[in-house]
Amino acid sequence: MSNHEHHEDTGNKPVKRSGLSRRQFLSYTLGGAGAFMAAGMSLPMIRFAVDPILKKKVGGTWIKVVEENKITNDPQEFKFNIHQVDGWYVSDPELSAWISKDNSGNYFALSPVCKHLGCTISWSSDIYICPCHNAHYTKDGENLTVAPKPLDEYDLKIDNGWVYLGPIKANTRV
Ligand code: FES
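Residues numbered from 1 in each chain as written. Predicted model: local features only at pLDDT ≥ 70, side-chain atom pairs only at ≥ 80, totals over all residues.

Per an unreviewed UniProt entry, the recorded name for the chain is Cytochrome b6-f complex iron-sulfur subunit, and the organism is Paenibacillus plantiphilus.

A.B. asks: How should the overall build of the chain be read in this particular structure?
C.D. replies: Looking only at helices and strands, the chain features one helix and 12 strands. Going residue by residue from the N terminus, the α and β elements of the chain occur as α-β-β-β-β-β-β-β-β-β-β-β-β. Taking the intrachain contacts of the chain between residues at least 6 apart in sequence as the baseline, contacts between residues at least 24 apart amount to 43%. (Helix = DSSP H or I, 4+ residues; strand = E, 2+ residues; numbered from the N terminus. Contact = placed C-beta atoms within 7 Å.)

A.B. asks: Would you explain the nonpolar core in this entry?
C.D. replies: Most often, soluble globular proteins keep nonpolar side chains buried together rather than apart. Within the largest apolar cluster, 20 residues are counted, with the highest numbers of intra-cluster contacts made by Ala97, Ile99, Ala109, Leu110, Tyr137, Val163 and Leu165. If we ignore the near neighbours within four places in the chain, the residues touching leucine 110 are Ala97, Trp98, Gly141, Leu151 and Glu153. (Core = buried A, V, L, I, M, F, W, Y, C linked by C-beta atoms within 7 Å. Buried ≥ 20, exposed ≤ 12 C-beta atoms within 10 Å, placed from the backbone.)

A.B. asks: I tried to follow unusual backbone geometry on my own but got confused; where do I start?
C.D. replies: Note on backbone geometry: most residues besides glycine have negative phi, and most peptide bonds are trans. Positioned with a positive phi, serine 125 is a non-glycine residue whose angle comes to about 65 degrees. Considering the arrangement of structural elements, one finds serine 125 in the loop between strand E7 (122–124) and strand E8 (127–129). A positive phi angle is found at valine 146, which is not glycine, with a value near 65 degrees. Mapped onto the secondary structure, valine 146 falls in the loop between strand E10 (143–145) and strand E11 (153–159). A residue is classified by how many C-beta atoms lie within 10 Å of it, and valine 146, with 16 of them, is partly exposed.

A.B. asks: I'm lost on the sheet that holds E8 in this one. Help?
C.D. replies: Strand pairs in the sheet, formed through backbone hydrogen bonds, run parallel or antiparallel to each other. Reading across from one edge, E7-E8-E9-E10 is the order of the four strands in this open sheet, with antiparallel pairing throughout. The open sheet is flanked by E7 and E10, the only strands paired with a single partner. Note: E8 against strand E9 (residues 136–137), two bridges, orientation antiparallel. Its bridge partner being in E9, tyrosine 128 is matched across the sheet by tyrosine 137. (Pairing = 2+ DSSP bridges.)

A.B. asks: It is not clear to me how the confidence of the model for the chain should be interpreted in this structure. Could you clarify?
C.D. replies: On average, residues of the chain score 85 in pLDDT, and 80% of them are at 70 or above. Throughout residues 1–8 the model reports pLDDT below 50, and contacts reaching past four residues in sequence, or to other chains, amount to zero contacts. (pLDDT = per-residue confidence, 0-100.)

A.B. asks: Can you help me understand the pairing of strand E12 (residues 162–169) in this one?
C.D. replies: On a regular strand, each side chain points to the face opposite its neighbour's, so the side chains alternate between the two faces of the sheet. The pairing of strand E1 (residues 63–67) with E12 spans four bridges and is antiparallel. Considered in E12, the bridge of valine 66 is made with valine 163. The pairing of E11 with E12 spans six bridges and is antiparallel. Bridge pairing links leucine 156 to leucine 165 in E12.

A.B. asks: How should the pairing of strand E5 (residues 94–101) be read in this particular structure?
C.D. replies: As defined by bridge partners, strand E2 (residues 76–81) adjoins E5 across six bridges and the pair is classed as antiparallel. If you follow lysine 79 over to E5, its bridge partner there is serine 96. Here E5 runs beside strand E6 (residues 107–110); their pairing, made up of four bridges, is antiparallel. Across the sheet, lysine 101 pairs through a bridge with tyrosine 107, a residue of E6. Counting the residues between successive antiparallel strands, the hairpin from E5 to E6 contains five residues, one of them, glycine 105, with a positive phi of roughly 85 degrees.

A.B. asks: Is there a simple way to explain the sheet that holds E6 in this structure?
C.D. replies: Strand order in the open sheet formed by six strands is E1-E12-E11-E6-E5-E2, with antiparallel pairing between adjacent strands. Across the chains shown, the open sheet's two edge strands, defined by having one partner strand only, are E1 and E2. Each strand of the sheet is rotated relative to its neighbour by a mean of 35 degrees, with strand direction disregarded. (Axes fitted to C-alpha atoms, helices over the stretch in contact; angles between N-to-C directions.)

A.B. asks: For this particular structure, what's the right way to read the environment of isoleucine 82?
C.D. replies: Locating isoleucine 82 in the fold gives a position in the loop between E2 and strand E3 (84–86). Along the chain, isoleucine 82 and tryptophan 62 lie 20 residues apart, while their C-alpha atoms are 9.2 Å from each other. Apart from the residues within four sequence positions on either side, isoleucine 82 is in contact with Ile63, Asp92, Pro93 and Leu95.

Spelled out as structure tokens, the structure:
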């Protein structure tokens, strides 16, 4: 037996194939399918993340609160809910307003939040009183004791026999 290697020359030239090899075809196909599936899975997540920012807020800021004929000269407390959309957080907190008529028959609504430290005031005979540190306010919301500022006021409009309240603003009556 000879220990030298024996090479056979078949005389065949290496075969050159044009186009894709099997390996390239598989990697393109699998890569494309993977990218398609990844896009399909990530699009809903992107939409969820971006949607609340792009969405237009619908609806006005006026809230229908009470029938006009229920309003008296003495302030009464009325509760109502507002619909809030803050990015991804949606809520319907309950608010309240003290609504009354002035001597000229004009309606106005005051916020119940004491301007001292934020407790809730209430009407007592002829004055608003805060139970926390005894702040007093007039019917127009003017601060008499303790609190540094008048009670805030709601924007108010009458439409078709109903009182609508808008955003809270600084008191315009005192
Ligand atoms: S919070 Fe109303 S008096 Fe202090």
